[in-house]
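Structure at a glance
Chain residues, written in single-letter form:
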Amino acid sequence: MHTKTNILSLPEEELVYPGNRACAGCALGIAYRIGLKALGKNTIIVVPPSCLTVLQGLYPIAATKLPCLNVTFASTAAAATGLLGALKARNRKGINVVGWAGDGGTSDIGLQSLSGACERGDNFLFVCYDNEGYMNTGVQRSGTTPIGALTANTPIKGKLQRKKDVPAIMSAHRIPYVATCSAAYPLDLYDKIKKALTYEGVKYIHIHTPCPPGWGFEPRYAVKIGKLAVETGLYELYEVENSNVRLTGASEKLMEKRRLLPARDYFRAQGRFAILTDSQIEQQQQEVNARWEAYFNTTEDPDEDTPD
Amino acid sequence: MQIIESGNVAAALGVKLSRAQVIAAYPITPQTPLTEKLSEIIEAGDMTAEYIPVESEHSALAICIAASSAGARSFTATSANGLLYMHEQLHWASGARLPIVMCVVNRGVGAPWTVWNDHQDSMSQRDTGWIQIYANDHQQIIDSVIKAFALAEEVMIPVMVCYDGYLLSHTYMPFDIPEATLTDSFLPPYRPAYCLDPDEPANLNTVTLSDVRTDINGVKAHGYMEIRHLLQQDMLASMDAIERVDSRFKNIFGRGGSPFIESYRSDDARFIAVGIGSLSYHLRDVVDDLRDEGISVGVMSMQLYRPFPYQAVAKALKDCQGVIVFEKALSYGYQGPVCSDIKSALYHYVGPEGSRPFVLNYILGLGGREILTKDLYEGLKLSCTTKPSSPDKPRWIGLKL
Amino acid sequence: MKDDYCRKTSHSKSGPGDAGKTGSWRILRPVIDPAVCIPAKRGTPSCYMCWLYCPDGVISRGIPPEIDYEYCKGCGICAEECPTKAIRMVEESSFIKEDT
Ligand SMILES: Cc1ncc(C[n+]2csc(CCOP(=O)(O)OP(=O)(O)O)c2C)c(N)n1
Ligand code: SF4
Ligand code: SF4
Ligand code: SF4
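Residues numbered from 1 in each chain as written. Chains lettered and ligands numbered in written order. Predicted model: local features only at pLDDT ≥ 70, side-chain atom pairs only at ≥ 80, totals over all residues. Heavy atoms only, no water.

1. Observations concerning the pattern of salt bridges
Residue and element names in this part refer to chain A. Short version of the rule: The term salt bridge refers to a pairing of a side-chain nitrogen on Lys or Arg with a carboxyl oxygen on Asp or Glu at a separation within 4 Å. Labels follow the DSSP assignment, with helices taken as runs of H or I lasting at least four residues and strands as runs of E lasting at least two, numbered in each case from the N terminus.
Tallied over the entire structure, the rule returns 54 salt bridges over all chains. A salt bridge links D278 to R264; the nearest nitrogen and oxygen atoms lie 3.1 Å apart. On the criterion of sequence distance, the pair formed by D278 in helix 12 (residues 278-296) and R264 in helix 11 (residues 263-267) is long-range, its members being 14 residues apart.

Below, the structure written as structure tokens:
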């Protein structure tokens, strides 16, 4: 059992320099800052083109204090494997190899190499930060853009297809550890990265990272929006450890309390969902309810319980 | 030690002797037996290396790029569409200045599918910033692989060793396997000037601006164009390194001496036929016949295609009357790429009669179309005996429309 | 040898301010009221929600927490997440007036 990290036990040293190029209020900034604290300095990061490439700095200045290899869009996971090969050949032990990609670089163009590495069982951590679109190229739809969202290339009708469930795809590879996180819950993220590093093989962490300009909300609400996604039950925090699925953190609490916030609160707070009609929101609410009903059925109803 | 084996095995043995540390490959005919052989050598414990069976060629080169960035000697091999699938990564590897070595077992590209030999695959990667070496026989394959690592690590530019699919990859020929103790002294372990390391962090292949920019210490760093300019400078300068590596190899193993071009019966030749790979040997037979008939003709094979050894090429060809370039690749809409490059190398030279040699181009053998000695003989003889018309339009040999 | 090689590649070294002094992006400035801020009031390390959530890592985990205005982008997340509403977002222009 891992002890839970709290704000005071979180390492104070920052591994990302201030004055980087991420937009004000970018939740990736939170996730990356906290994530690197969890990884520590003995780490090599692989990054494909994305907002993170820009956050990390333009030559000759790097915003990150860790060694990092920028690679082509499709090749993050394969490059991670290559680093492992070299470290093994050179007898360098105990260095964390981490691929850190956007949702496009994970769920779309990067999926083939990621799947290959999972099947081979290469020993690295893959982190996908999910801002639900191709933000670096100006907010186009990606495989993980949710249904109904307006993007630069779904500008009128919104995206017509559902969000691709990447963590489920990763779990299907039977890798030892899959977890979902949110930038709005940094301590949970920190602990999950720490836990992931204890496993051998590909570990996968999916982080929901609200994006103010891409989603259409004011920067100060980045954490609020992230929390709303979880508290409405639209985005679940969970872990899959050796194929056992378990809701964690705020989602686990939600399951215990049996009270979801209305999905409407989440949708109506963002410009990208402006065209969703009330009946479409209601339909999504039904789907969330059905999904969570299944979770609720796995626990006892607190209202029927008499707490002592 | 002399053995009789296939060209693919010659390449694999070269990689083994080079002590590559990370090898990643994806199957494609006719490269497959080369990497199968390597997996066998490694699984049998005869070589210490990480062999990574990837899910695509794009990933194969990604692995080499990352492994090389982290300081390991890296190798891959492919053919045809596999090479085309790597295209983005080829530029990445050279732009990142990584000494990766790759064998390209030459095959025609689709569509339509063909598995047979021509040179369209590697020729269409000409501008990716890789050094391209072509081997004519099995001995040259094994020797070139070993030399390629030494060269790549000296100039920090990746190297392709290309050889003909089937004609060389699958045929059996005798060749000498160099002594491991000697190859070890020829090619010491790779010691990168810099490689990724948490003790010395750096962010590699960062987005680079059009203009120069000062670094954190206020020192002016390059812009994109300076980095690219240096690649071109070093690519051109690598011709000296190629000569050095070749003569070092020759001193130890007694083979080599013509790293740019190989000339056959060319010293006094009025006409010179140009070919690449096994075709150049085929041309030698034809030239022998034509010489018997009193036609003054020789053969030049291109051993190095990038950097283009323009001075050696011009020197070899400028004084003759005609150059006939036989090519298994095309720059569609113009002519064979080697033909264009040769013409451009000759542009500054004016021959003894106040004119440059004519340069004719023949396209042949695409997708493995059989190259008949009779056709080569007739084409070459005609070119040496009649005044050429419309020389910019390539002629086709063996076409059956 | 090494420097020579590194200058042929896009080899970046870490440091602050890749995007310049990002404090200039601000329209609103976060100002912490020590009379309301929990660690400042108690004099012991506590809370630090602002430190945790600042995307740019420009708030210190000290007593009181301090904001590096050179780089603070003014996103307002700290003010929004502060449980005691100790952080006010103040018009930058009012500070310019103060300075002149
Ligand atoms: C092969 C290739 N295709 C397209 C691009 C252009 N491109 C760069 S970043 C990007 C989008 C990245 O999206 P994502 O991975 O979701 O990260 P984000 O920018 O949203 O953080 C695209 C399409 C590229 N660099 N390489
Ligand atoms: S576009 Fe979105 S994800 Fe990209 S830097 Fe800006 S806020 Fe972050
Ligand atoms: S969040 Fe508010 S109360 Fe907590 S430390 Fe920061 S300013 Fe003080
Ligand atoms: S959270 Fe935003 S406003 Fe607050 S200190 Fe950080 S950058 Fe500045």
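2. Digging into empty space enclosed by the protein
Short version of the rule: A 1.4 Å probe that fits but cannot get out identifies a cavity on a 1 Å grid over protein atoms alone, an open set with protein on both sides within 12 Å along at least five of seven lines counts as a pocket, and a residue lines either if it has an atom within 4 Å of a point. Grid points are joined across faces, edges and corners, and a volume is the space filled by probe spheres set on the points. Gly counts as polar in this scheme, as do all residues outside two lists: the nonpolar Ala, Val, Leu, Ile, Met, Phe, Trp, Tyr, Cys and Pro, and the charged Asp, Glu, Lys and Arg.
Evaluated as defined, the whole model comprises six cavities of 30 Å³ or more. Roughly 110 Å³ of internal volume is contained in the largest cavity. Taken together, 15 residues line the largest cavity, and the ones lying closest to its centre are A96, L98 and L204 of chain B together with Y5 and T9 of chain C. Residue composition of the lining of the largest cavity, grouped by class: nine nonpolar, six polar and no charged.

3. Digging into the domain arrangement of chain B
Residue and element names in this part refer to chain B. For clarity, the threshold we go by: Note that the domain bounds were set by an automatic or database domain assignment. In what follows, a contact means two residues having at least one pair of non-hydrogen atoms within 4.5 Å. Once two parts are joined, some of their accessible surface, as seen by a 1.4 Å probe, is lost; buried area is that loss totalled over both.
For chain B, the assigned domains read domain 1 (2-186) and domain 2 (262-396). If you average the C-alpha positions of domain 1 and of domain 2, the two centres end up 28 Å apart. The interface is formed by 20 residues belonging to domain 1 together with 25 residues belonging to domain 2. Approximately 1800 Å² of surface area, both sides summed, lies buried where domain 1 meets domain 2, with 51% of it carried by carbon and sulfur atoms. Seen at the junction of domain 1 and domain 2, the total is two salt bridges. The partner of K328 in a salt bridge is D164, with the nearest N and O atoms 3.9 Å apart. Among the secondary structure elements, those contributing two or more residues to the side of domain 1 that touches domain 2 are helix 6 (120-123) and strand 6 (131-134). Counting residues per element, the side of domain 1 that touches domain 2 draws most heavily on strand 6, at four residues.

4. Some words on the sheet that holds strand 14 (residues 297-302) of chain B
All names here are of chain B. As a reminder of what qualifies: Two strands form a pair only when DSSP identifies at least two bridges running between them.
With mixed pairing, six strands are arranged side by side in an open sheet as 12-14-13-16-17-18. The sheet terminates laterally at strand 12 (261-264) and strand 18 (395-396), the two strands that pair on one side only. Relative to strand 16 (residues 322-327), strand 13 (residues 271-275) is paired through four bridges, and the arrangement is parallel. Bridge pairing in strand 16 places F271 opposite G322.

5. Brief notes about the site of ligand 1
For clarity, the cut-off: Near, as used in this document, describes a residue that has one of its heavy atoms within 4 Å of the molecule or strand being considered. Any N or O atom pair separated by 3.5 Å or less is treated as a polar contact, with the protein-specific requirement of one donor-capable and one acceptor-capable atom, and with residues adjacent in sequence counted only for side-chain atom pairs. Here, Shrake-Rupley sampling with a 1.4 Å probe gives the accessible areas, and only protein chains in the shown set may cover a residue.
In the vicinity of ligand 1 there are 17 residues, among which G104, G105, Y129, G133 and N136 of chain A approach most closely. Proximal residues around ligand 1 fall on chains A and B, making this an inter-chain site. With respect to ligand 1, the backbone of G104 of chain A contributes an N or O atom lying 2.8 Å from an oxygen atom. Note that an oxygen atom of ligand 1 is positioned 2.8 Å from one of the backbone N or O atoms of G105 of chain A. A total of 580 Å² of accessible area belongs to ligand 1 in isolation, and the protein chains cover 76% of it.

6. Remarks on the interface of chain C and chain A
Opposite the 35 residues of chain C that make contact, chain A presents 42 residues. In total, chain C and chain A occlude about 3100 Å² of area from one another, counting both sides; carbon and sulfur atoms represent 55% of this. Among the residues of chain C in contact with chain A, D18, L52 and R61 of chain C are the three that bury the most area, contributing 22% of the side total. Counting every contact that joins chain C to chain A gives 20 residue pairs in polar contact (both at pLDDT 80 or more).

7. Digging into the packing of helix 10 (residues 278-292) of chain B against helix 13 (residues 373-385) of chain B
Residues and elements named next belong to chain B. Heads up, the rule is: Under this scheme, a helix contributes an axis fitted over its contacting stretch, all axes are lines through C-alpha atoms, and angles between N-to-C directions fall in the 0 to 180 degree range. The crossing is said to be left-handed when, going from far helix to near helix, the turn is anticlockwise and less than a right angle, and right-handed when the turn is clockwise.
Helix 13 packs onto helix 10 with a crossing angle of 65° between their chain directions and a minimal axis gap of 10 Å. The handedness of the crossing between helix 10 and helix 13 is right-handed. Listed contacts from helix 13 to L279, H282, L283, V286, V287, D289 and L290 of helix 10 are T373, L376, Y377, L380 and K381. Taken together, the residues that form the contact of helix 10 with helix 13 break down as eight nonpolar, two polar and two charged.

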